[in-house]
Amino acid sequence: MSSEERASFSSKIGMLLATAGSAVGLGNVWRFPYMAGENGGAAFILVYIGCVVLLGVPCMISEFIIGRESGSNAARAYKKLSPNKFFGIIGYLGVLAAFLITGYYAVVSGWCVEYIVASAVNKLHGSPDFFKTFFDDFAGGAGRAVMWTVIVLLITHVVIVKGVREGIEKASKFMMPALFILLIIMVVLTCMLPGAGKGVEYLLYPDFSKITPKVFIDALGQSFYSLSLAMGILCTYASYYVKKVKLPKTAYQIGFIDMLVAILAGLIIFPAAFSVGVEPDSGPSLLFVTLPNVFQNAFANYPVIGYIVSIFFYALLTLAALTSLISLHEVSTVFLAEEMHISRKWGATAVTISCIIIGSLCSLSFGGREWLQIGGQSLFGFLDFITGQVMLPIGGLLSCILVGWFLPKKMISDQYNNWGTYKTHLFNWYLFCTKFLCPVLIILIFLHQFGIV
Ligand code: PHE
């Protein structure tokens with residue numbers, strides 16, 4: 001693919017929904033609500049908004065600038081703009097992270113599909129132990145979990161092969177509104193449950209005494225992951241943005257949508273859980289063990305509504321996961337297509353086949369198979385650790401340093417204010433964050449993950 005025939009998003013809304021689709025993912029549902037509930041409710045949400053404004057948005061704008069300026073895949077983008085070879089590796093790091101994450105993210109997306117089916121055939125009924133056994137047997141088995149991983153990757157493949165406008169943009173224009181409609185219906189249904197008010201209070205009652213430095217650093221880490229930073233995604237998508245797109249405004253809009261979805265997810269989870277006196281947790285066990293049990297009990301008197309809620313909830317998760325998966329897949333696909341001079345179709349095929357292999361191995365590693373353990377943890381856990389805790393902070397840090405300290409200021413300001421046609425007063429503030437604040441915050445996140453601060 002040459003840059004002349006490079007695709008672009010055809011509309012503002014398509015561009016916004018595709019980018020928001022990448023940001024809105026499982027992290028919004030399985031981590032944010034729990035963190036907010038545990039750490040001071042509305043007080044945490046305020047801290048989180050601060051993290052998005054101080055770290056998330058400036059980093060997002062920087063990736064947008066690199067992507068739109070270079071008009072190429074993430075690896076080439078950084079290579080093109082970097083003053084030396086060292087910074088050129090940032091793009092490769094992002095592409096590699098995105099590629100590895102595609103494999104294991106597909107596994108969890110596959111679990112969501114299994115739970116839509118299990119809800120639809122009314123299989124999710126039993127004691128709390130039943131849900132645990134059901135999940136362990138399914139996720140650790142060699143059958144359906146692997147099958148769904150493959151199917152989810154094939155669906156993603158079909159979208160990617162169709163290209164930016166016909167594939168990614170069209171899929172996002174359908175999936176994101178569907179996700180919002182499901183979210184709203186679910187919030188209304190769960191908030192009407194008896195005792196739901198306690199859940200709303202738990203999520204939203206501000207308790208500033210719970211805000212400690214640790215909570216602040218955790219919130220920073222969550223904002224970084226939730227906005228899909230440092231994976232080459234935002235840079236790749238921005239390479240499809242037309243000149244009219246206002247990068248800072250888009251970054252704020254994405255940050256807002258991402259947080260709105262996370263809060264609404266909390267307004268489903270907590271009211272439902274509190275109405276039956278269950279303490280919600282986080283991660284896979286929340287989605288696949290705790291919540292099916294909660295839905296079953298909360299709607300025991302209205303089984304039809306319970307049935308619908310369960311299907312809708314997993315459909316919502318699947319949509320959130322798929323739009324993120326599409327963005328991950330796109331990063332590696334366009335990288336291969338442009339660097340190896342092959343068609344999008346062949347690039348996508350190579351990515352899909354490799355991700356099917358990685359994804360299947362990740363899925364199998366759940367069953368405790370010895371040969372799929374690395375350093376005492378499953379392949380799944382290992383990939384999650386190495387990408388999320390090591391590659392992402394390093395990529396994000398180097399990106400900020402590159403943009404803040406090495407790229408020509410004129411180029412950055414042209415991209416920031418659309419060659420002077422978009423009046424904004426915040427450019428100096430953005431530069432300050434990128435140069436000083438963001439690197440310090442990312443180093444804090446990195447050290448905190450290893451227990452150093
Ligand atoms: N931003 C996504 C979420 O909140 C996470 C994600 C990770 C998306 C990796 C794409 C790639 O779940």
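As shown above, the structure is provided for reference.
Student: Mind laying out the packing of aromatic side chains, listing which residues take part and the relevant values?
Tutor: Counted according to the given criterion, the structure contains 37 aromatic pairs. Both rings, one in Phe 44 and one in Tyr 48, keep their centres 6.3 Å apart while their planes meet at 20°; by these two values the pair is stacked. Of this pair, Phe 44 and Tyr 48 both sit in helix 4 (residues 42-70), four residues apart, which is roughly one turn of that helix. Tyr 48 sits in the buried class, given a relative accessible area of 1%. Just above the ring of Trp 419 sits the side chain of Lys 243; from NZ or CZ to the centre is 5.2 Å. The ring of Trp 405 is capped by Lys 435, whose NZ or CZ atom sits 4.9 Å from the centre of that ring.

Student: A description of the side chain of Arg 68 should follow, citing residues and the corresponding values.
Tutor: Considering the arrangement of structural elements, one finds Arg 68 in helix 4. Despite being buried, Arg 68 has no salt bridge partner; Glu 69 is the closest side chain of opposite charge, sitting 7.2 Å away. Polar side-chain contacts of Arg 68 include one of 2.7 Å to the side chain of Gln 415. Sequence-distant contacts of Arg 68, that is, excluding residues within four places in its chain, are made with Ala 238, Ser 239, Tyr 241, Val 242, Lys 243, Lys 244, Val 245, Leu 247, Gln 415, Asn 418 and Trp 419.

Student: Before we move on, could you go through the environment of Val 95 and cite the residues and values that matter?
Tutor: Tracing the chain through its elements places Val 95 in helix 6 (residues 85-120). Given the relative accessible area of 7%, Val 95 is considered buried. Remark: the alpha-carbon pair of Val 95 and His 125, spanning 30 residues in sequence, is separated by 42 Å. When neighbours within four sequence positions are excluded, Val 95 is seen to be in contact with Ala 74, Ala 75, Met 231, Val 331, Ser 332 and Phe 335.

Student: How would you explain the nonpolar core if you had to name every residue and give the values?
Tutor: If you look at the biggest cluster of nonpolar residues, it comprises 165 residues, and the most contacted ones within it are Leu 287 and Phe 313. Apart from the residues lying within four places of it in its own chain, the contact partners of Phe 313 are Val 29, Met 186, Ile 268, Leu 287, Leu 291 and Phe 295.

Student: Account for the packing of helix 6 against helix 15 (residues 303-339), with residues named and values stated.
Tutor: Contact pair helix 6 / helix 15: the axes reach a minimum separation of 8 Å and the direction vectors enclose 160°. Overall, the two elements helix 6 and helix 15 adopt an arrangement that is roughly antiparallel. The hand of the helix 6/helix 15 crossing is left-handed. A class-by-class count of the residues in the contact of helix 6 with helix 15 yields 22 nonpolar, eight polar and no charged.

Student: An account of a nonpolar patch on the surface is requested, with residue identities and associated values reported.
Tutor: The grouping of Tyr 252, Trp 405, Phe 406, Leu 426, Trp 429, Phe 432 and Phe 436 at the surface amounts to a nonpolar patch, some 700 Å² of accessible area in total. Looking at the nonpolar patch, the elements with two or more residues in it are helix 17 (379-406) and helix 19 (427-449). No other element matches helix 19, which puts three residues into the nonpolar patch. If you trace the backbone, Phe 406 turns up in helix 17. On the basis of relative accessibility, which here comes to 42%, the residue Phe 406 falls in the partly exposed class.

Student: Explain the site of the ligand to me, and be specific about the residues and the numbers.
Tutor: Around the ligand, a shell composed of 15 residues is seen, among which Ala 23, Leu 26, Gly 27, Asn 28 and Ser 226 lie nearest. At a separation of 3.0 Å, an oxygen atom of the ligand approaches a polar side-chain atom of Asn 28. In isolation the ligand has 310 Å² of accessible area, and contact with the protein removes 100% of it. Listed by contribution, the elements that provide at least two residues to the shell around the ligand are helix 1 (12-23), helix 2 (26-30), helix 6, helix 11 (213-226) and helix 15. If one sorts the elements of the shell around the ligand by residue count, helix 2 sits on top with three residues. For the shell around the ligand, the per-class residue count stands at eight nonpolar, seven polar and no charged.

Student: How would you explain the packing of helix 7 (residues 128-140) against helix 14 (residues 284-298) if you had to name every residue and give the values?
Tutor: Closest axis-to-axis distance for the helix 7/helix 14 pair is 9 Å, and the angle between their directions is 140°. Crossing handedness for the pair helix 7 and helix 14: right-handed. For the pair helix 7 and helix 14, the contacting residues are Pro 128, Phe 131, Lys 132 and Phe 135 in the first and Pro 284, Phe 288, Val 289, Pro 292, Asn 293 and Gln 296 in the second. Taken together, the residues that form the contact of helix 7 with helix 14 break down as seven nonpolar, two polar and one charged.

Calculation criteria
Residues numbered from 1 in each chain as written. Predicted model: local features only at pLDDT ≥ 70, side-chain atom pairs only at ≥ 80, totals over all residues. Heavy atoms only, no water. Phe/Tyr/Trp six-rings, centres within 6.5 Å; stacked < 30°, edge-to-face > 60°. Helix = DSSP H or I, 4+ residues; strand = E, 2+ residues; numbered from the N terminus. Buried < 20%, exposed > 50% of the residue type's maximum accessible area, 1.4 Å probe, protein only. Lys NZ or Arg CZ within 6 Å of the ring centre and 35° of its normal. Lys, Arg positive; Asp, Glu negative; His and termini not counted. Salt bridge = Lys/Arg side-chain N within 4 Å of Asp/Glu carboxyl O. Polar contact = N/O pair within 3.5 Å; in protein donor to acceptor, adjacent residues only side chain to side chain. Contact = heavy atoms within 4.5 Å. Core = buried A, V, L, I, M, F, W, Y, C linked by side-chain atoms within 4.5 Å. Axes fitted to C-alpha atoms, helices over the stretch in contact; angles between N-to-C directions. Parallel < 35°, antiparallel > 145°, perpendicular 65-115°, else oblique. Left-handed = near helix turned anticlockwise from the far one by under 90°. Nonpolar A, V, L, I, M, F, W, Y, C, P; charged D, E, K, R; others polar. Patch = residues over 30% accessible without salt bridge, like charges linked within 9 Å, V, L, I, M, F, W, Y side chains within 5 Å. Areas by Shrake-Rupley, 256 points an atom, 1.4 Å probe, with all protein chains shown as cover. Near = heavy atom within 4 Å.

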